[in-house]
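The chain contents come next:
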There are 2 protein chains.
Amino acid sequence: MSSLPGSVGIVTPQAFQFDQPLALQNGTSIAGYTLMVETYGQLNAAKSNAVLICHALNASHHVAGVYADDPKNVGWWDNMVGPGKPVDTNKFFVIGVNNLGSCFGSTGPMHTNPATGKPYGADFPVVTVEDWVNAQARLAERLGITQFAAVMGGSLGGMQALAWSILYPDSLRHCVVVASTPKLSAQNIAFNDVARQAILTDPDFHGGDFYAHKVVPRRGLRVARMIGHITYLSDDDMAEKFGRDLKGGDYQFGYGVDFEIESYLRYQGDKFSDYFDANTYLLITKALDYFDPARHTGGDLAKALAQTKAKFLLASFTTDWRFSPERSREIVKALVSNKRTVSYAEIDAPHGHDAFLLDDSRYLNLIAAYYQRIDTELQTEPQADLLGAAA
Amino acid sequence: MSSLPGSVGIVTPQAFQFDQPLALQNGTSIAGYTLMVETYGQLNAAKSNAVLICHALNASHHVAGVYADDPKNVGWWDNMVGPGKPVDTNKFFVIGVNNLGSCFGSTGPMHTNPATGKPYGADFPVVTVEDWVNAQARLAERLGITQFAAVMGGSLGGMQALAWSILYPDSLRHCVVVASTPKLSAQNIAFNDVARQAILTDPDFHGGDFYAHKVVPRRGLRVARMIGHITYLSDDDMAEKFGRDLKGGDYQFGYGVDFEIESYLRYQGDKFSDYFDANTYLLITKALDYFDPARHTGGDLAKALAQTKAKFLLASFTTDWRFSPERSREIVKALVSNKRTVSYAEIDAPHGHDAFLLDDSRYLNLIAAYYQRIDTELQTEPQADLLGAAA
């Protein structure tokens, strides 16, 4: 019997230092790096119950729970991870890790470049999804985990899970990819580039060296976040939530706030520019743009996924126009053509791309049922029955 | 027999000065104003063959033909208007007019405010679609036209045509509304507001007073245009035209241009910021946001359209996600419930919102056939058989 769903409670992030240089996709390497990590639940004796959670653009290692000194700062996937929750920390040892280049404690653009003694700024290497996975693989090694029960993520996090299945096929039993895509479309890239241009052309950006000028390119970050937000919500959801509701009851005939949607987006933009690093925004959107596992197989995704061995769960949301269900189906099709074990759910949810973070009972029940299956599998088949290992 | 389709050739804009104050929707009035106008073809003796073409965001009175001193500057709807073209200038007297507040010669934010002796800047009144139509009505009066054969426009231009049918029901026989909407959605407004925020927060905007500072808020205009462009193209069309094609053949791992789509959008943004006025961009997007004829009929569009008398042609494009066919159908439905004569075409075209400006033979043939019908009607029923007039 599992207890009622609850919170993992108070959590404490840990910094893991890696001193070996890490080779990067851009041809250079990073001398050494720190990864900020949180874990929830207990690693079992067989070290078989670990689940790696990969984060998307603006999230971090803080997946679940709260901090003792900041009880309002709830983890970004707290509805998904906890005792009795879909990824049940009574059964699984769950790991959240902040990616290289992000701005929540892992080595990033605001940290000192050992080569210059100054902050990296825009010179921080443009890391890729594959670079992140390689950095995460070292964390797994450090924790003594040779095989994850699952690697899981939504959106950009789903890309990391998919990259794990390709780069480290023996290192995960299950790969859970939510609201993701095998590669960005021209339109996706276009939105990212407009956001980047807003930041790059903000006079307070100073070529990425704004730390030295004690300023932040707030205007650019604000516009970038507003654009992003539009793509995270569905047209219908926005209509439902805001419609043409007026903040002041009537048209103002000026350039302040007329509509509620304007007020909401500007607020989101302001909030974001208070805490997010502009250089991080640039490099993470590039990681999104660059992800394309079929790039080296002549565009053939099935071929790119041929070396995978994990079992897969994919989920998409009907109103997600950023990474539509069609994009998830491309992955499913490529996996099926490789005869992989794939479960796929297309969830009829109104909330667009953001749905992967929200409380939709069909979605949460799906994930819960899948993890129950993983748990049963761990009990009954302690030896991993991976495609390759079974041969 | 009409001749082969050709150009209207060299055209010359005319400035029309109006000295009477014009009352505006914002409760103020504008003292006097100039409208820049072009005409093509000949007004017949009965003055019954005039067609008013209303422009969208960045267009002008220069609908067709070229200028003697600028032969590459072809009118924005030159494929639509000309001898033997869908709106055949051998038969119709076609009028293009630059709207109040625009930046192509009609009175706008860069002109001197008689009250202060300085440029209006951001103090130029936030004019509405209805204000434009009222200003255009004075032009009709000046030209001695009591009834247009048709008022026609695409996108924001379609809103003006629709407003004509409501505000001056006896003054047009036909109303041609292409790729338009009865009102903007929350998502439409959101995109407009992000664009405005990019301009308003550009340090070179100087609260709209940038003329005095001899600068232009280029960064803001550039980002605004890039955002706009994404919404004008369909996802599929962008995929077809640009896909993930790389400008330099390989990833650059920096923040220059990687993808062709980035190069295209930045170019469009740069070009736009060379010629378009930032204050005009602000006020025209507000005119879009504010348009909502059902606002004073409790959201009942049928009621808002009850006083119309014209016959209608509506056309939409399947891949237009800015103003989708569904939005045109709302107008059609409201007109049909008023027992108006309505033709409606949903054109299966790949080019998104921009399709209304492009050469799609089904679209151009549709418009051509409709105008042939208007021409026949003018010959056979010289007395307007408007709904009201027929009673």
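Residue positions within a chain follow its written sequence, with the count starting from 1. Ligands are numbered from 1 and chains lettered from A, in the order in which they are written. It should be noted that, the model being predicted, local features are given only for residues of pLDDT at least 70 and side-chain atom pairs only at 80 or more, the latter also being counted only at that level, while totals for whole chains, interfaces and linings use all residues. Excluding hydrogens and water, the side-chain figures rest on all heavy atoms present in the structure.

1. What about the sheet that holds strand S13 (residues 311-317) of chain B?
Residues and elements named next belong to chain B.
And then number 1: Sheet architecture is open: eight strands sit in the order S1-S4-S8-S5-S11-S12-S13-S14, paired in mixed fashion. Whereas interior strands pair on both sides, the edge strands pair on one side only; in this sheet they are strand S1 (14-18) and strand S14 (342-347). Shown here is a sheet whose adjacent strand axes are inclined to one another by a mean of 20°, direction ignored.
And then number 2: One bridge is not enough; two strands pair if DSSP finds at least two bridges between them. Only runs of H or I of at least four residues qualify as helices and only runs of E of at least two qualify as strands under DSSP, and these elements are numbered from the N terminus. Two strands pair when backbone bridges link them, and S13 and S14 are joined in this way by six bridges, in the parallel orientation. Between the N-to-C directions of two axes lies an angle of 0 to 180 degrees, each axis being a line fitted to C-alpha atoms and, for a helix, fitted only over the stretch in contact.

2. Topic: the relation of the copies chain B and chain A
And then number 1: When chain B is brought onto chain A, the operation consists of a screw motion whose angular component is 180° and whose axial shift is 0.0 Å, with 0.0 Å RMSD remaining. Within this description, the copies of the chain are treated as partners about a two-fold rotation axis. Each copy is superposed on the other by least squares, with the fit set by C-alpha atoms of residues at a pLDDT of at least 70 in both.

3. Remarks on unusual backbone geometry
Residues and elements named next belong to chain A.
And then number 1: A positive phi angle is found at Lys-47, which is not glycine, with a value near 55°.
And then number 2: Relative to the assigned elements, Lys-47 resides in the loop between strand S4 (33-40) and strand S5 (50-54).
And then number 3: The class of Lys-47 is partly exposed, set by a relative accessible area of 35%.
And then number 4: Notably, Phe-253 is not glycine yet its phi reads approximately 55°, a positive angle. Burial status follows relative accessibility: with a 1.4 Å probe on protein chains alone, a residue under 20% of its type maximum counts as buried, one over 50% as exposed, and anything between as partly exposed.

4. A closer look at the UniProt feature "active site" (unreviewed entry) in chain A
Residue and element names in this part refer to chain A.
And then number 1: Residues annotated in UniProt with the feature "active site" (unreviewed entry) correspond here to Ser-155, Asp-320 and His-353. For the annotated residues, spread through 199 residues, the largest C-alpha to C-alpha distance comes to 10.7 Å, consistent with a single compact locus. If you take the residues mentioned a moment ago, the ones lining the largest pocket come down to Asp-320.
And then number 2: Structurally, Ser-155 is set in the loop between strand S11 (148-154) and helix H2 (156-167).
And then number 3: Taking the relative accessible area as the measure of exposure, Ser-155 reaches 5% and is therefore buried.
And then number 4: Not counting the four nearest positions on each side in its chain, Ser-155 is found in contact with Ala-56, Val-178, Ala-179, Ser-180, Phe-323, His-353 and Phe-356.
And then number 5: Considering the arrangement of structural elements, one finds Asp-320 in the loop between strand S13 (311-317) and helix H9 (325-337).
And then number 6: By relative accessible area, Asp-320 is classed as buried at 2%. UniProt positions are given in the numbering used here, feature names are shortened, and annotations may be inferred rather than shown by experiment. Here a cavity is any set of points on a 1 Å grid over the protein atoms alone where a 1.4 Å probe fits but cannot get out, and a pocket is any open set with protein on both sides within 12 Å along at least 5 of 7 lines; a residue lines the site when it has an atom within 4 Å of a point. A contact between two residues is defined here by any heavy atoms of the two lying within 4.5 Å.

5. Things to note about the layout of surface pockets
And then number 1: A volume near 1200 Å³ is recorded for the largest pocket.
And then number 2: Around the largest pocket, the lining comprises 42 residues; the ones closest to its centre are A:Gln187, A:Asp320, A:Trp321, B:Asp235 and B:Trp321.
And then number 3: Elements represented by at least two residues in the lining of the largest pocket include exactly helix H3 (186-200), helix H5 (235-241) and H9 of chain A together with helix H3 (186-200), helix H5 (235-241) and helix H9 (325-337) of chain B.
And then number 4: We call Asp, Glu, Lys and Arg charged. Ala, Val, Leu, Ile, Met, Phe, Trp, Tyr, Cys and Pro are nonpolar, and the rest, Gly among them, are polar. In terms of residue class, the lining of the largest pocket is made up of nine nonpolar, 15 polar and 18 charged. Grid points are joined across faces, edges and corners, and a volume is the space filled by probe spheres set on the points.

6. Observations concerning empty space enclosed by the protein
And then number 1: Counted by the stated rule, this structure contains five cavities of 30 Å³ or more.
And then number 2: In this structure, the largest cavity occupies an estimated 120 Å³ of space.
And then number 3: Broken down by secondary-structure element, the contributors of at least two residues to the lining of the largest cavity are helix H4 (218-232) of chain A together with helix H4 (218-232) of chain B.
And then number 4: Of the residues contributing to the lining of the largest cavity, the split by class is six nonpolar, four polar and four charged.
And then number 5: Lining the second largest cavity are B:Leu57, B:Phe191, B:Asn192, B:Ala195, B:Ala224, B:Ile227, B:Gly228, B:Thr231, B:Tyr232, B:Tyr281 and B:Arg322.
And then number 6: The leading source of residues in the lining of the second largest cavity is H4(B), at five residues.
And then number 7: Here the residues of the lining of the second largest cavity are counted per class, giving seven nonpolar, three polar and one charged.

7. A word on the packing of helix H1 (residues 129-142) of chain B against helix H2 (residues 156-167) of chain B
Residue and element names in this part refer to chain B.
And then number 1: Running from N to C, H1 and H2 cross one another at 70°; their axes reach a closest spacing of 9 Å. On the basis of their axis angle, the class for H1 and H2 is roughly perpendicular. In the packing of H1 onto H2, the handedness of the crossing is right-handed. Taken together, the residues of H2 that come into contact with H1 (itself represented by Val-129, Glu-130, Trp-132, Val-133, Asn-134, Gln-136 and Ala-137) are Leu-156, Met-159, Gln-160, Ala-163, Trp-164 and Leu-167. For classification purposes, angles smaller than 35 degrees are called roughly parallel, those larger than 145 roughly antiparallel, those between 65 and 115 roughly perpendicular, and all remaining angles oblique. Take the far helix as your reference; a near helix turned counterclockwise from it by less than a right angle gives a left-handed crossing, and one turned clockwise gives a right-handed crossing.

8. A short note on the environment of A:Phe276
Residue and element names in this part refer to chain A.
And then number 1: Mapped onto the elements of the fold, Phe-276 is located in the loop between helix H6 (260-275) and helix H7 (278-290).
And then number 2: Along the primary structure Phe-276 and Asn-338 are separated by 62 residues, whereas in three dimensions their C-alpha atoms are 40 Å apart.
And then number 3: Apart from residues no more than four positions distant in its own chain, Phe-276 is found in contact with Leu-57, Asn-58, Cys-103, Phe-104, Leu-221 and Tyr-281.

9. Here we look at the interface of chain B and chain A
And then number 1: Counting residues at the interface gives 57 residues for chain B and 58 residues for chain A.
And then number 2: Summed over both partners, buried area is the accessible surface (1.4 Å probe) that two parts give up on being assembled. Surface buried jointly by chain B and chain A totals about 4900 Å² across both partners, of which 64% is contributed by carbon and sulfur atoms.
And then number 3: Here, a salt bridge means any side-chain nitrogen of Lys or Arg that lies within 4 Å of a carboxyl oxygen of Asp or Glu. Joining chain B to chain A, the criterion identifies 12 salt bridges.
And then number 4: Salt-bridge contacts for B:Arg244 lead to A:Asp292; the nearest nitrogen and oxygen are separated by 3.4 Å.
And then number 5: Throughout this description, a polar contact denotes any pair of N or O atoms lying within 3.5 Å of each other; where both atoms belong to protein, one of them has to be capable of donating a hydrogen while the other can accept it, and for residues adjacent in sequence the pair is counted only when both atoms sit in side chains. Our enumeration of links across chain B and chain A arrives at 26 residue pairs in polar contact (both at pLDDT 80 or more).
And then number 6: Of all the secondary structure elements, the ones that give two or more residues to the side of chain B that touches chain A are H3, H4, H5, helix H6 (260-275) and helix H7 (278-290) of chain B.
And then number 7: At 11 residues, H3(B) tops the list of elements feeding residues into the side of chain B that touches chain A.
And then number 8: Along the lines of polarity and charge, the residues of the side of chain B that touches chain A split into 30 nonpolar, 12 polar and 15 charged.

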